Amino acid sequence: EINGSFNTRDLLDPDNTLLNIKLNRFNTSMRKIKMLMPKFNPPANFNKLGSINFVGRFDGFLEDFVAYGKLKSDVGIAEMDMNLNLTESVHKARFSGNLKVTNFNLGVWSDNPDLGLVNFASKVEKGRGLTLETIQADLTASIASLEFKKYYYKGIDLNGKIDKNTFAGILKSDDPNLNFLFDGNV
């Protein structure tokens, strides 16, 4: 279900199709998105988003675009102002922007039953790669709450760089059950 407006150029040429879409309401699923954009092949956990409702804008090419707005899915809510460039591949994708997540079920997303809901605001710069083996980015985040083993940790801030499965930077927590300051590599 779609309600909004769009302008396009070169619609019949997928490599050069330019889209400017304003969505007042867009209800879909990852399966349907993949049907519309056959070259879009995100990591498997994106399928866990299930039903998707998006209100916002999409401007750019099918594999290089800016999207901003509010996305509601089966695993939580995300408000974003993001640029994603997939022209080289998912492994070499480039991304940047701001993301705010509300009541996102990190346990379902990651298949980790110890994790639960997370609420945070973050900024990503110089992002590259969309898999754990390839991801690199400068990241700042303020985690309002993170559920781990049925306890909600609060007041966690981080500022650093992610390179594959390594984080280098500062992680600070003011939670009474997790009060610490970490400055280093993990």
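Residues numbered from 1 in each chain as written. Predicted model: local features only at pLDDT ≥ 70, side-chain atom pairs only at ≥ 80, totals over all residues. Heavy atoms only, no water.

Participant: Is there a simple way to think about the side chain of Thr28 in this case?
Facilitator: Mapped onto the elements of the fold, Thr28 is located in strand 2 (residues 18-29). Residue contacts for Thr28: discarding those within four places in its chain leaves Ile33, Gly50, Ser51 and Ile52. (Helix = DSSP H or I, 4+ residues; strand = E, 2+ residues; numbered from the N terminus. Contact = heavy atoms within 4.5 Å.)

Participant: Please clarify how the pairing of strand 3 (residues 51-61) should be interpreted in this entry.
Facilitator: Pairing of strand 2 with strand 3 involves 10 bridges; the strand directions are antiparallel. Its bridge partner lying in strand 3, Asn27 is registered against Asn53. Connecting strand 3 to the antiparallel partner strand 4 (residues 64-73) that follows it, the hairpin turn spans two residues. (Pairing = 2+ DSSP bridges.)

Participant: Quick question: what am I supposed to make of the environment of Asn16 here?
Facilitator: Topologically, Asn16 is positioned in the loop between strand 1 (2-9) and strand 2. Separated by 155 residues in the primary sequence, Asn16 and Leu171 have C-alpha atoms spaced 42 Å apart. Ignoring anything within four residues of it in the chain, the contact list for Asn16 reads Arg9, Asp10 and Phe61. Polar side-chain contacts of Asn16 include one of 2.7 Å to the side chain of Asp13. (Polar contact = N/O pair within 3.5 Å; in protein donor to acceptor, adjacent residues only side chain to side chain.)

Participant: Looking at this structure, I do not really get unusual backbone geometry. What am I missing?
Facilitator: For residues besides glycine, phi is generally negative; the peptide bonds are generally trans as well. Located in the positive-phi region is Asp111, a residue other than glycine, with phi close to 60°. Inspection of the secondary structure assignment puts Asp111 in the loop between helix 2 (106-110) and strand 7 (115-128). On the accessibility criterion, Asp111 (62% relative accessible area) is exposed. Despite not being glycine, Lys149 has its phi angle at roughly 50°, a positive value. Accessibility expressed as a relative area gives 54% for Lys149, which makes it exposed. (Buried < 20%, exposed > 50% of the residue type's maximum accessible area, 1.4 Å probe, protein only.)

Participant: What exactly am I supposed to notice about the packing of aromatic side chains here?
Facilitator: Overall, the coordinates contain four aromatic pairs when judged by the stated rule. Ring geometry for Phe104 and Trp109: centres 5.5 Å apart, planes at 65°, overall edge-to-face. Here Trp109 falls in the buried class, since its relative accessible area comes to 18%. Counting every residue linked through ring pairs, the aromatic cluster contains Phe46, Phe104 and Trp109. (Phe/Tyr/Trp six-rings, centres within 6.5 Å; stacked < 30°, edge-to-face > 60°.)

Participant: Would you take a moment to explain the pairing of strand 6 (residues 94-105) for this structure?
Facilitator: Taken together, the nine bridges between strand 5 (residues 76-85) and strand 6 define a ladder with antiparallel strand orientation. Looking at strand 6, one finds that Asp81 is bridged to Asn98. Both strand 6 and strand 7 contribute to a ladder of nine bridges, which runs antiparallel. When the bridges of strand 7 are listed, Phe104 appears paired with Val118.

Participant: Looking at this structure, I do not really get the nonpolar core. What am I missing?
Facilitator: In summary, soluble globular proteins display a tendency toward joint burial of nonpolar side chains. With 36 residues, the main nonpolar core has Leu49 and Phe104 as its most contacted residues. Counting residues per element, this core draws most heavily on strand 8 (residues 136-148), at five residues. Ignoring anything within four residues of it in the chain, the contact list for Phe104 reads Leu49, Val75, Gly76, Trp109, Gly116, Leu117 and Val118. (Core = buried A, V, L, I, M, F, W, Y, C linked by side-chain atoms within 4.5 Å.)

Participant: How do you make sense of the sheet that holds strand 6 when you look at a structure like this?
Facilitator: Note: strands within a sheet are paired through backbone hydrogen bonds, in either parallel or antiparallel orientation. In space, the 11 strands of this open sheet follow the order 1-2-3-4-5-6-7-8-9-10-11, with antiparallel pairing throughout. With partners counted over all chains shown, the strands left at the sheet margins are strand 1 and strand 11 (178-185), one partner each. Across the sheet, the mean angle from the axis of one strand to that of its neighbour is 10°, orientation sign disregarded. (Axes fitted to C-alpha atoms, helices over the stretch in contact; angles between N-to-C directions.)

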